[in-house]
Amino acid sequence: MTQPLVQVENLKMHFPIKGGILGKTVGSVKAVDGISFSIKKGETLGLVGESGCGKSTTGRMILRLLEPSDGTIYFEGRDITKLSTNEMRKTRSEMQMVFQDPFASLNPRHTIGKILEEPLIVHGVKDRQGRKQRVQELLEVVGLSSYHASRYPHQFSGGQRQRIGIARALAINPKLIIADEPVSALDVSIQSQVLNLLQDLQKEYGLTYLFIAHDLGVVRHISDRVGVMYLGQLVEISESEDLYRNPLHPYTQALLSAVPIPDVTYKQERVILQGDVPSPVNPPKGCPFHTRCPKAMEQCSNIRPELKELEQGHHVACHLYD
Amino acid sequence: MEYPMIEVKDLQTSFRTDTGEIPVVNSVSFHLEPGEVLGIVGESGCGKSVTSLSIMGLVPTNTGKVQGKIQFKGENLATASEARMRKIRGNEIAMIFQEPMTSLNPLFTIGEQLTESLRIHRKWNKKQARARAIEMMKLVGLGRAEALMDEYPHQLSGGMRQRVMIAMAMICEPELLIADEPTTALDVTIQAQILELMKKLNRETNTAIMMITHDLGVVAEMCQRMVVMYAGKIVEEGDVSTVFQSPKHPYTVGLIQSVPDMREKKERLYSIPGQVPKPGSQKLGCQFAPRCTHAMDRCLSEAPPLQPFNNGQKVRCWLYGDGKGADIYDSAISSS
Ligand SMILES: Nc1ncnc2c1ncn2[C@@H]1O[C@H](COP(=O)(O)OP(=O)(O)OP(=O)(O)O)[C@@H](O)[C@H]1O
Ligand SMILES: Nc1ncnc2c1ncn2[C@@H]1O[C@H](COP(=O)(O)OP(=O)(O)OP(=O)(O)O)[C@@H](O)[C@H]1O
Ligand code: SF4
Ligand code: SF4
Ligand SMILES: [Mg+2]
Ligand SMILES: [Mg+2]
């Protein structure tokens, strides 16, 4: 078997909660609570789950924008949680992030040319002419024109700004792109332009994507495999087609059944869940989903189910399959 | 004489800006019958929210101008006094706003805000109103309803605030509920819960709903009729089943094809080239022409009218001037 590009093992992020006048740690937000998965080279892994389940935190830990509380992250077989700052800088150039709102991360006082040139400078591309040429190239790759280089972010539409965000991520030929809700803020017609662009770039440059989103239609469209998170845990992961055709975890089943389908002839059997997602400060004992699960059994409130491979490549964490 | 419950006729709402007065809603007409659910879709900035603010009498009067007729049970709201509108808002017509924080008052508890309309409009006593408010909060899936009554908006998460808004809008059982992207900020499992509740309200109290959304799935699920807006104008209107199965306007066709369907994976998504024009930037012809693959000479010089078809569908497009091009959707799907 070939080595995965990324492999995370038992990854955890517990944010401390400070309280009292002394600022002592009084508890923690268990944003990510022991997840393991891998991403093969050239594939797209989609990550879905409800607001606050830990998707962005997972992405940020892989880039080491956040220091994990526990666990290991292998990038091309190397444990990057142990790298020095200097070594990490090199590795980080191989991974880039695309954000939901690129506007917030584009300096409004810099031209697009300058914004795209910056990562080249940071990563030591010395030749000025070469940098200019690369900027032109990048603009073309994402479907913009070279005259856009002299413009400022506010002169672009949402879809164009997202293209600029993608161009910036591509500047230094990364291997992995972590796209955190890259099309959520865009209109449907613009959204499909950006999704098509991401797919074209993947084919052309053999990119690997971790694609974080809450839109299950978008995720199915773009992903080879999909992981479903709930309250800081990975509850199911499998080939995308498998997951959508045959969801095994009760949460995945509820999630998929809740999506309104744009087809008037289609009648959906819906699982309506009761109650709210519990707080990650006080996650329930046992299965994290047991407080809302329509199929919960006695052991569910005591024993945390392990993620197990049930069918070829289809992993699920649920006592129904013990 | 029978009126529709609400009839909007030639609504024109414009804003004064540095570059002059710009119409953002342009001769928009539609109507709703009691108990009907009408969907309004269209891209960001096409005028959906401004249309609903115009109905509610909430367009800022210093920069905005609302013209046309908004007949509500026979009364023209466009010319109604602010005092009259205050009686109607939250009582006969209620609205769920796109931004919950702008419409909850940070200085009052959730309970005070939820019971206000019952006490003012319905003259209920404190105890009755409180009981009803708690019941309503439980209906929108807010578990700790009793405790939440005494909390302030900032103590709630975004999703919880949105649900308080929804409870507040539904509590008086309005005749018309305007829901502006009511579930966009919510997770899908919560969205499913809220949509179910809105259906129930519609069924049990015959509340008509104007459902503004960008989610075609929500329209397919909730609405009987729909209106598609583009750059301030209605470009297509009809029964939801008709519009979904045989959309006629090239924009509607593109929109329906652009949505990734969760049930099956397409090799490649359709995408409408270009982007939405800035309001007021294009004066002549069809507003969609710069993005339209069917555009003809005439489209650049003359604005097409909204033409009715026999089945009740209405379309604003020159393709249908002489009955040509009636199958652009079929040829579009067979070629994709
Ligand atoms: N820096 C932080 N300090 C404390 N808690 C945090 C921090 N960052 C995130 N959290 C919490 O961690 C949990 C997971 O957050 P995260 O942003 O990863 O969720 P998400 O799945 O990306 O959600 P969304 O879909 O809303 O973006 C949430 O409860 C969040 O409030
Ligand atoms: N108070 C205002 N002053 C000036 N222009 C305004 C004002 N309110 C809205 N507009 C403009 O009117 C147009 C229509 O806005 P509207 O909010 O109705 O769009 P929308 O269809 O609801 O979009 P979205 O899907 O993003 O909510 C936009 O171009 C907007 O910038
Ligand atoms: S382990 Fe139990 S509570 Fe958890 S999903 Fe499975 S059946 Fe439901
Ligand atoms: S009127 Fe012309 S440009 Fe406008 S939608 Fe129809 S064919 Fe396209
Ligand atoms: Mg996130
Ligand atoms: Mg709006």
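Residues numbered from 1 in each chain as written. Chains lettered and ligands numbered in written order. Predicted model: local features only at pLDDT ≥ 70, side-chain atom pairs only at ≥ 80, totals over all residues. Heavy atoms only, no water.

Enquirer: Whenever I open this one, the overall build of chain B confuses me. Can you help?
Expert: If you tally the helices and strands in chain B, you get 13 helices and 12 strands. Relative to its length of 336 residues, chain B is compact, with a C-alpha radius of gyration of 21 Å against a globular reference of 20 Å. In terms of its C-alpha atoms, chain B occupies a principal-axis envelope of roughly 65 × 45 × 45 Å. In chain B, which comprises 336 residues, the proportion classed as buried is 53%. By sequence separation, contacts in chain B at least 24 residues apart represent 62% of the contacts at least 6 residues apart. Roughly 15000 Å² of accessible area belongs to chain B as shown, and the carbon and sulfur atoms make up 51% of that amount. Across chain B, the centroid of the 38 positively charged side chains sits 4 Å from that of the 38 negatively charged ones. (Helix = DSSP H or I, 4+ residues; strand = E, 2+ residues; numbered from the N terminus. Rg over C-alpha atoms; globule rule 2.2 N^0.38 Å. Buried < 20%, exposed > 50% of the residue type's maximum accessible area, 1.4 Å probe, protein only. Contact = heavy atoms within 4.5 Å. Areas by Shrake-Rupley, 256 points an atom, 1.4 Å probe, with all protein chains shown as cover. Lys, Arg positive; Asp, Glu negative; His and termini not counted. Charge placed at Lys NZ, Arg CZ, Asp CG, Glu CD.)

Enquirer: What am I meant to see in the pairing of strand β7 (residues 176-180) of chain B here?
Expert: For a regular strand, side chains alternate in direction, first toward one face of the sheet and then toward the other. Residue and element names in this part refer to chain B. β7 sits mainly inside the fold: 5 of its 5 residues count as buried. Where burial is concerned, the two faces of β7 agree: the one with L176, I178 and D180 and the one with L177 and A179 are both buried. Taken together, the 4 bridges between strand β6 (residues 93-96) and β7 define a ladder with parallel strand orientation. Note that in β7 the partner of I93 across the bridge is L176. Bridging between β7 and strand β8 (residues 208-212) involves 5 bridges; their strand directions are parallel. Its bridge partner lying in β8, L176 is registered against A208. Running through helix α8 (residues 188-205), the crossover from β7 to the neighbouring parallel element β8 is right-handed. (Pairing = 2+ DSSP bridges. Right-handed = clockwise from strand over helix to strand, strands pointing away.)

Enquirer: Even after reading the chapter, I still don't get unusual backbone geometry, so can you show me in this structure?
Expert: Glycine aside, residues mostly have negative phi angles, and peptide bonds mostly take the trans form. Residues other than glycine seldom take positive phi values, yet N10 of chain A does so here, at roughly 50°. Secondary-structure assignment places N10 of chain A in strand β1 (residues 6-19). Looking at N10 of chain A, the relative accessible area reads 38%, which means it is partly exposed. Positive phi is not limited to glycine here, since K73 of chain B has a value of about 45°. Here K73 of chain B lies in the loop between β4 (64-72) and β5 (75-76). Accessibility expressed as a relative area gives 39% for K73 of chain B, which makes it partly exposed.

Enquirer: Can you help me understand the packing of helix α4 (residues 112-122) of chain A against helix α5 (residues 128-141) of chain A in this one?
Expert: Geometrically, a packed helix pair is captured by the angle between its two axes and the distance between the axes. Residue and element names in this part refer to chain A. The geometry of α4 relative to α5 is characterised by a closest axis approach of 9 Å and an angle of 115° between their N-to-C directions. Both α4 and α5 take part in a crossing whose hand is right-handed. Mapping the contact onto sequence places I112, G113, L116, E117, L120 and I121 in α4 and R131, K132, R134, V135, L138 and L139 in α5. Taken together, the residues of the contact of α4 with α5 break down into 7 nonpolar, 1 polar and 4 charged. (Axes fitted to C-alpha atoms, helices over the stretch in contact; angles between N-to-C directions. Left-handed = near helix turned anticlockwise from the far one by under 90°. Nonpolar A, V, L, I, M, F, W, Y, C, P; charged D, E, K, R; others polar.)

Enquirer: Could you clarify how one ought to interpret the site of ligand 4 in this entry?
Expert: Lining the immediate surroundings of ligand 4 are 13 residues, of which C286, C292, C299, C317 and W318 of chain B lie closest. In terms of residue class, the shell around ligand 4 is built from 11 nonpolar, 2 polar and no charged. (Near = heavy atom within 4 Å.)

Enquirer: Is there a simple way to explain the site of ligand 2 in this structure?
Expert: Residues and elements named next belong to chain B. Within the structure, ligand 2 sits among F15, V24, E43, S44, G45, C46, G47, K48, S49, V50, Q98 and P279. In the environment of ligand 2, an oxygen atom lies 3.0 Å from a nitrogen or oxygen atom belonging to the backbone of G47. A distance of 2.7 Å is found between an oxygen atom of ligand 2 and a side-chain nitrogen or oxygen belonging to S49. Protein contact buries 65% of the 640 Å² of open area that ligand 2 shows by itself. By residue number, the principal contributor to the shell around ligand 2 is helix α1 (residues 48-56), which donates 3 residues. In terms of residue class, the shell around ligand 2 is built from 5 nonpolar, 5 polar and 2 charged. (Polar contact = N/O pair within 3.5 Å; in protein donor to acceptor, adjacent residues only side chain to side chain.)

Enquirer: For this particular structure, what's the right way to read the packing of helix α4 (residues 110-121) of chain B against helix α5 (residues 126-139) of chain B?
Expert: All names here are of chain B. Between α4 and α5, whose axes approach to 9 Å, the crossing angle comes to 115°. With respect to the hand of their crossing, α4 and α5 are arranged in right-handed fashion. Facing I110, L114, T115, L118 and R119 of α4, the residues of α5 in contact are K126, A129, R130, R132, A133 and M137. Residue composition of the contact of α4 with α5, by class: 6 nonpolar, 1 polar and 4 charged.

Enquirer: Sorry, what's going on with the packing of aromatic side chains here?
Expert: The description of an aromatic ring pair rests on the distance of the ring centres and on the angle between the ring planes. For the structure shown, the criterion picks out 7 aromatic pairs over all chains. Taking 5.0 Å as the distance between ring centres and 80° as the angle between the ring planes, the aromatic pair formed by Y230 of chain A and F289 of chain A counts as edge-to-face. Here Y230 of chain A is found in strand β9 (residues 225-230), whereas its partner F289 of chain A is found in the loop between α10 (250-258) and β11 (308-311), with 59 residues between them in sequence. The exposure classification of Y230 of chain A matches that of F289 of chain A, with both residues buried. When the centroid spacing of 5.1 Å and the interplanar angle of 85° are considered together, the rings of Y230 of chain B and F288 of chain B count as edge-to-face. Here Y230 of chain B is found in strand β9 (residues 225-230), whereas its partner F288 of chain B is found in the loop between α11 (250-258) and α12 (297-301), with 58 residues between them in sequence. What makes Y230 of chain B buried here is its relative accessible area of 2%. (Phe/Tyr/Trp six-rings, centres within 6.5 Å; stacked < 30°, edge-to-face > 60°.)

Enquirer: How should I be thinking about the nonpolar core in this particular structure?
Expert: Soluble globular proteins: nonpolar side chains tend toward being buried together. Core analysis: the biggest nonpolar cluster contains 71 residues, and L177, M198, M211 and M226 of chain B have the highest contact counts within it. With 7 residues, helix α7 (residues 158-170) of chain B is the largest single contributor of residues to this core. Built from parts of two domains, this core gets at least three residues from each of domain 1 (6-223) and domain 2 (246-335) of chain B. Apart from the residues within four sequence positions on either side, M198 of chain B is in contact with I96, M170, L177, A179, P182, I209, M211 and M222 of chain B. One finds V98, V183, Y251 and L273 of chain A within the second-largest nonpolar core, a separate group that totals 62 residues. (Core = buried A, V, L, I, M, F, W, Y, C linked by side-chain atoms within 4.5 Å. Domains from an automatic or database assignment.)

Enquirer: So what exactly am I meant to see when it comes to the sheet that holds strand β4 (residues 70-75) of chain A here?
Expert: The strands making up a sheet associate through hydrogen bonds between their backbones, and the pairing can be parallel or antiparallel. All names here are of chain A. Strand order in the open sheet formed by 4 strands is β2-β1-β4-β5, with antiparallel pairing between adjacent strands. Of all strands in the sheet, those with a lone pairing partner are β2 (24-39) and β5 (78-79), marking the two edges. Where β1 lies against β2, 12 bridges are found, and the strand directions are antiparallel. Looking at the pairing, V6 lines up with I39 of β2.

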